[in-house]
Amino acid sequence: MVQPSSSANGDVDVARSPADLPLSGSPSSRVRHSAKFIASASDSVAIHLDAVAKLAQLLVTHSRCGEMGLDRWKKHELHPKSGDQAAVDWIFVADTLNFSFWSEVEDVTSPEKYAVEYRGKRYTGYWSCCAAINRAIDEGIPILDARYLASITDAQVSHIFRASGKGEMPMLAERRANLQEAGKVLVEKYGGTFLNAIRAAGNSSKKLLETILDDFPSYRDTGIFKGEKVEFYKRAQILVADVWACFEGEGFGMFTDIDQLTIFADYRIPQVLNYFGTMTYSPELQKKLDANYMFQYGEHEEEEIRGCTIHVSELLKNELNRLIKTAGANAPDQPEVNAIVLDHYLWDYRQLHNDDMKHTPYHKVRCIYY
């Protein structure tokens with residue numbers, strides 16, 4: 001449910017969302033529609049418009065300082081810098097595996113926590129996956145070769161993602177299945193490289209997203225909420241977004257409609273939004289979160305958290321851009337922010353302020369979709 005703003009400033013327009021517009025039928029539009037429906041019918045998650053407006057005010061200052069730029073993705077040390085087919089295929093492999101990196105062991109220094117040591121540095125979470133891929137490439141393992149992926153074995157996956165300590169990457173069998181599926185589709189339909197899927201999309205993120213969902217079943221992130229089909233597509237959208245970010249909107253990453261994507265509903269963005277008070281939980285749901293309850297994918301409350309995350313992020317993005325436009329005369333070079341840039345900033349914020357958020361629990365679920 002959405003709590004109305006009690007602000008005395010009547011011109012704060014956080015209530016409007018692109019979901020109010022007629023659906024175009026694109027996957028991202030359906031995600032927006034699903035998120036708005038979930039937010040309007042939510043029983044356990046409340047959205048607070050005052051807090052959305054307050055966070056937008058904070059973020060606009062960070063945007064003015066250049067902290068919300070397109071270049072954030074490429075600056076990460078483990079992300080590819082080559083700007084070629086290998087970079088595209090690296091992104092495809094990483095996002096085929098981009099799910100369920102949270103650990104029951106919260107202490108990042110614990111030898112029991114899954115971690116990968118690469119070039120003298122220890123990585124956990126999503127970065128452990130990136131480090132393992134880069135380590136495999138350095139070791140001569142053809143992990144970017146679709147033919148290799150199509151027949152990859154459990155033993156090979158275990159070796160590639162071996163831990164530097166005692167931990168183990170979660171869901172290795174599911175990761176092997178995803179890689180096999182992806183490799184077979186690339187070989188059969190795209191000449192062995194995801195680059196050909198990008199070329200066939202003709203600079204359209206909508207077309208590429210439809211291709212991913214049509215041809216790669218492991219990316220079909222949907223559910224049923226109160227009798228209505230709902231769509232989230234976290235990994236499918238982030239795959240398109242990562243290509244755009246890697247190439248900084250040029251070359252293979254040039255999409256004329258990139259702003260149509262939504263934020264990526266995982267388990268970390270809701271944590272940040274809850275930390276800032278933009279969405280809060282009922283006492284019953286908060287009790288589950290505090291107790292490290294394991295949600296099931298598609299469970300009612302799990303879908304509420306994800307749907308409200310997307311809707312809050314749409315409201316936040318709209319208000320942030322309204323503030324940017326309002327201040328346009330004073331900051332003419334400040335670009336508007338799309339959902340990708342906002343997602344990158346919020347996700348990085350959680351990483352940088354991990355200690356501050358130790359008492360803000362995130363929802364835990366094991367699935368291949370996020």
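Presented here is a report on the structure given in the accompanying data block.

Moving on to the overall build of the protein. When helices and strands are tallied, the protein shows 15 helices and 9 strands. In terms of C-alpha radius of gyration, the protein reaches 20 Å, essentially the compact-globule figure of 21 Å for 370 residues. Each principal axis of the C-alpha atoms in the protein carries an extent, and together these give about 60 × 45 × 45 Å. Looking at the protein as a whole, 56% of its 370 residues qualify as buried. Of the contacts made within the protein by residues no fewer than 6 positions apart, 76% connect residues no fewer than 24 positions apart. Here the protein has roughly 15,200 Å² of accessible surface; of this, 51% comes from carbon and sulfur atoms. In the protein, the 41 positive side-chain charges and the 51 negative ones have mean positions that sit 2 Å from each other.

This part takes up unusual backbone geometry. The backbone of Tyr233 shows a phi angle near 55°, a positive value even though the residue is not glycine. Take Tyr233: it is sitting in the loop between β6 (228-231) and α11 (234-246). Residue classification places Tyr233 among the buried residues on the basis of a relative accessible area of 5%.

Look at α11 against helix α15 (residues 339-352): their axes get within 11 Å of each other, and the N-to-C directions meet at 90°. Here α11 lies roughly perpendicular to α15, going by the angle between them. Contacts from Ala241, Asp242, Trp244 and Ala245 of α11 reach α15 at Ile340, Val341 and His344.

Our focus in this paragraph is helix α8 (residues 172-189). Every α-helix carries 3.6 residues per turn, so stepping three or four residues along brings you back to the same face. In a regular helix each residue adds 1.5 Å, so 18 residues correspond to 26 Å; α8 covers 26 Å between its end C-alpha atoms and thus fits that length. Of the positions making up α8, those classed as buried are Leu172, Arg175, Asn178, Leu179, Gln180, Ala182, Gly183, Val185 and Leu186. The secondary structure elements touched by the buried residues of α8 are α4 (85-96), α6 (146-150), α7 (154-160), α10 (205-215) and α11. Following α8 by one or two positions, Gly191 has its phi on the positive side, about 60°.

As a further point, take the side chain of Ser205. In this fold, Ser205 is placed in helix α10. Exposure remark for Ser205: the relative accessible area of 0% places this residue in the buried category.

For side chains of opposite charge, pairing can occur when their charged atoms come near one another. The tally for this structure, following the rule as stated, stands at 20 salt bridges. Residue Asp43 pairs with Lys226 through a salt bridge whose shortest N-O separation is 3.1 Å. Pair noted here: Asp43 is in the loop between α1 (27-41) and β2 (45-48) and Lys226 is in the loop between β5 (222-225) and β6, with a separation of 183 residues, a long-range link. It is possible to trace a salt-bridge network through shared partners that takes in Arg32, Glu314 and Lys317.

With the rule as written, the count across this model stands at 0 disulfides. Cys130 carries a free sulfur, and the closest cysteine sulfur to it, the one in Cys129, is 5.8 Å from it. On the basis of relative accessible area, Cys130 is assigned to the buried category, the value being 0%.

Enumeration over the complete set of coordinates arrives at 17 aromatic pairs. Aromatic pair Phe37 and Phe225: ring centres 5.8 Å apart, planes at 85°, arrangement edge-to-face. With a gap of 188 residues between them, Phe37 in helix α1 and Phe225 in strand β5 connect regions that are remote in the sequence. Every member of this aromatic cluster is reached through a ring pair, and the members are Phe92, Tyr190, Phe194, Phe216 and Tyr219. Directly above the aromatic system of Tyr293 lies the positively charged group of Lys288, at a separation of 4.8 Å from the ring centroid.

With that out of the way, let us pick up the nonpolar core. Counting residues in each nonpolar core, the largest one holds 120 residues, and the members touching the most others are Ile133, Phe161, Phe194, Leu208, Leu316 and Leu346. Apart from the residues lying within four places of it in its own chain, the contact partners of Leu316 are Val52, Leu55, Ala56, Leu59, Leu273, Leu342 and Leu346.

Glancing now at α1. A rise of 1.5 Å per residue sets the reference length of α1, with its 15 residues, at 21 Å; its end C-alpha atoms lie 21 Å apart and thus fit the reference within 8%. Every buried residue of α1 is accounted for by Pro27, Ser28, Ser29, Val31, Arg32, Ser34, Ala35, Ile38, Ala39 and Ala41.

The rules we used
Here the residue numbering is sequential within each chain, running from 1 through the sequence in written order. Only residues with pLDDT of at least 70 get local features here, since the model is predicted, and only at 80 or more are side-chain atom pairs given and counted; chain-wide, interface and lining totals rely on the full set of residues. Remark: hydrogens and water are excluded; side-chain values derive from all non-hydrogen atoms of the structure. Helix and strand definitions here come from DSSP, where helices need a minimum of 4 consecutive H or I residues and strands a minimum of 2 consecutive E residues; each element is numbered from the N-terminal end. Just to be clear, the radius of gyration here is over C-alpha atoms, and the globule rule we use is 2.2 Å times residues to the power 0.38. Classification of residues uses two cut-offs on accessible area relative to the type maximum, computed with a 1.4 Å probe and protein chains only: under 20% is buried, over 50% is exposed, and between them is partly exposed. We call two residues contacting when some pair of their heavy atoms lies within 4.5 Å. Computed by Shrake-Rupley with a 1.4 Å probe, the accessible areas treat only the displayed protein chains as cover when residues are assessed. His is not counted, nor are the chain ends, whereas Lys and Arg count as positive and Asp and Glu as negative. By convention, charge coordinates are those of NZ in Lys, CZ in Arg, CG in Asp, or CD in Glu. What counts as an axis is a line fitted to C-alpha atoms, over the stretch in contact for a helix, and the angles between N-to-C directions run from 0 to 180 degrees. Working rule for angles: under 35 degrees goes down as roughly parallel, over 145 as roughly antiparallel, 65 to 115 as roughly perpendicular, anything else as oblique. Multiplying one less than the number of residues by 1.5 Å gives the expected span of a helix. Whenever Lys or Arg places a side-chain nitrogen within 4 Å of a carboxyl oxygen from Asp or Glu, that contact is recorded as a salt bridge. Disulfide assignment relies on a single distance test, namely cysteine sulfur atoms paired within 2.5 Å. Pairing of aromatic rings covers Phe, Tyr and Trp, the last counted by its six-membered ring, and requires centre-to-centre distances within 6.5 Å; plane angles under 30 degrees mean stacked, over 60 mean edge-to-face, and any other angle means tilted. Criterion for a charge above a ring: Lys NZ or Arg CZ within 6 Å of the ring centre, and within 35 degrees of the ring normal. In this description, a nonpolar core means a group of buried Ala, Val, Leu, Ile, Met, Phe, Trp, Tyr and Cys residues linked to one another through side-chain atoms lying within 4.5 Å.

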